[in-house]
Amino acid sequence: MVEMILAVMESMPRHHTDTSTAHYRPIAQAIAATASRPEEIAMLLSMAWHESAFAAYVSEGRCLEGPRDARCDVDTKTGKPRARTPWQVWNWCTKAWGAPEGSVESMTAAARCVLGKYRMGRARCG
């Protein structure tokens, strides 16, 4: 499953700051460990691409190194990013924030949070 997800990711446009896709594997692993249905995989891929375009600086926890207007929702008071992982989850996703930034554990926790919100929305909307 990871290889299939990687193939889809690599077929999408790369973030303009990236020169390779080597950092995609942890994202693909997180999606494969979390999603159980094709539409869930598609949702996680599309949301991550929309939020961060799989940018390495986001995936690796280096948000402050990104372009000035794309630094993971920097708090104007503290100067620190308020979002992390390719899905740009804030601290409401406590397990993603409890794991080391840029780790597979953090990405998997974020994917679970995002997928949980998606499933809740699907259940509510029928």
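Residues numbered from 1 in each chain as written. Predicted model: local features only at pLDDT ≥ 70, side-chain atom pairs only at ≥ 80, totals over all residues. Heavy atoms only, no water.

Novice: What is the right way to read the pattern of salt bridges from this model?
Specialist: Where charged atoms from two side chains of opposite charge approach closely, those side chains can pair. Enumeration over the complete set of coordinates arrives at six salt bridges. Between arginine 37 and glutamate 39 there is a salt bridge; the shortest N-O distance is 2.6 Å. (Salt bridge = Lys/Arg side-chain N within 4 Å of Asp/Glu carboxyl O.)

Novice: Which parts of the structure should I look at to understand the environment of lysine 95?
Specialist: One can find lysine 95 in helix H5 (residues 94-98). For the pair lysine 95 and histidine 50, spaced 45 residues apart in sequence, the C-alpha to C-alpha distance is 22 Å. (Helix = DSSP H or I, 4+ residues; strand = E, 2+ residues; numbered from the N terminus.)

Novice: I tried to follow helix H3 (residues 38-52) on my own but got confused; where do I start?
Specialist: One turn of an α-helix holds 3.6 residues; hence residues three or four places apart share an orientation. Given a rise of 1.5 Å per residue, 15 residues ought to cover 21 Å, and the 21 Å separating the end C-alpha atoms of H3 matches this to within 8%. Looking one or two residues past H3, alanine 53 carries a phi angle of roughly 50 degrees, positive in sign. (Expected span 1.5 Å × (residues − 1).)

Novice: Honestly, the packing of aromatic side chains in this entry has me stumped. Any pointers?
Specialist: Where two aromatic rings form a pair, the distance of their centres and the angle of their planes describe that pair. Applying the stated criterion to the full structure yields one aromatic pair. The side chain of arginine 84 reaches across the aromatic face of tryptophan 97, ending 4.0 Å from its centre. (Phe/Tyr/Trp six-rings, centres within 6.5 Å; stacked < 30°, edge-to-face > 60°. Lys NZ or Arg CZ within 6 Å of the ring centre and 35° of its normal.)

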